[in-house]
Amino acid sequence: MLNRTLLETLQKAGFSEKFLDEMVAPVMRIHFGQSVGAVSLSAGDPGLWAVEGGNKLVCSGLLQASKSNLISGSVTYIEEKTRTKQTGNPTKMYEVVYQIGSETRSDFYDIILVATPLNRKIANITFLNFDPPIEEFHRKYEHIVATLVKGELNSSVFGSRAIDNFGLGTVLTTDNSDSFVNSLGISSPVRKEENLQPSADGTYVWKMFSPETLTKAQILKLFLSYDYAVKKPWLAYPHYEPPEKCPSIILHDRLYYLNGMECAASAMEMGATAGYNAALLAYHC
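Residues numbered from 1 in each chain as written. Predicted model: local features only at pLDDT ≥ 70, side-chain atom pairs only at ≥ 80, totals over all residues. Heavy atoms only, no water.

A few words on helix 2 (residues 17-31). Between its terminal C-alpha atoms helix 2 stretches 21 Å, which fits the 21 Å expected from 15 residues at 1.5 Å a residue. Along its length, helix 2 reaches its greatest deviation from straightness, about 35 degrees, at Ala-25, and the proline Pro-26 lies no more than four positions downstream. The set of residues buried in helix 2 consists of Leu-20, Val-24, Ala-25, Pro-26, Val-27, Met-28, Arg-29 and Ile-30. Buried residues belonging to helix 2 abut helix 1 (6-12), strand 7 (170-172), strand 8 (183-186) and strand 9 (204-210). Looking one or two places after helix 2, you find Gly-33, whose phi comes out positive at around 65 degrees. (Helix = DSSP H or I, 4+ residues; strand = E, 2+ residues; numbered from the N terminus. Expected span 1.5 Å × (residues − 1). Bend = angle between axes of the 7 residues up to and from the residue. Buried < 20%, exposed > 50% of the residue type's maximum accessible area, 1.4 Å probe, protein only. Contact = heavy atoms within 4.5 Å.)

It is worth spelling out the nonpolar core at this point. By size, the foremost hydrophobic cluster in this structure holds 16 residues, and its most contacted members are Ile-78, Leu-118, Phe-127 and Leu-255. Only strand 2 (90-100), strand 4 (112-114) and strand 12 (255-257) provide two or more residues apiece to this core. At three residues, the largest contribution of residues to this core is made by strand 2. Core analysis: the second largest hydrophobic core is formed by 14 residues, Val-171, Val-181, Leu-184 and Ile-219 among them. (Core = buried A, V, L, I, M, F, W, Y, C linked by side-chain atoms within 4.5 Å.)

On to the environment of Val-36, then. Mapping Val-36 onto the fold places it in the loop between helix 2 and helix 3 (56-66). With 30 residues separating them along the chain, Val-36 and Leu-6 place their C-alpha atoms 5.6 Å apart.

In structure tokens, the structure reads:
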């Protein structure tokens, strides 16, 4: 499955080009910004969950439950060194050097889990004096901009019928679209009992994904009027181009790389699976 795109797989399964272009590709473009990656279709299924207050609370909740000591620093390099413990026997350990503001600090660890993409634009980590050397990964990550806008959508951009009659809540695009957005849709409340109610003034909070930062002129083209716009650019997930090769989860003795799994699929659930596997490796090392 890593040697061909999902569209190629579905073509061989007998799905028509029209169905793939107008149904499958738009859903994939919402979540991966590209027409590859079978896991991106899972978000098109009903019954998905969300966390009230934001999915970021999953991370803070796990930190609290594990009683971990979080150091908010930026790791610059990791080096394997030999240290003598209290027993008097030399042992291999890892020195992690990191920055907190302008201050450089370091600590020693028995086991290292690298839980960030080894991409120079995301995590510029150097591995010093490893034998054999740690493989360099030059994986390209897809640049995506998430934009939240509270305003009244200009539905005439997408069709001649008015939004009140059309009930427009989501707009998807195809691979051949000349639109400057991959998708846009109304953001719904997390609580099911607070189902989206009709807006008295026609304004909603819309979430848009685009490959580039939207200009004010582009936003004004999409909206008749708007109160605010919040933009967040990020390197969201790998750029997929089969055939894929996943790096090893074991980079060195007691040095594990979680994000290598993103070469197969990128999602919170995949990160949880990678973390679980690394925890088992660390426990049994």
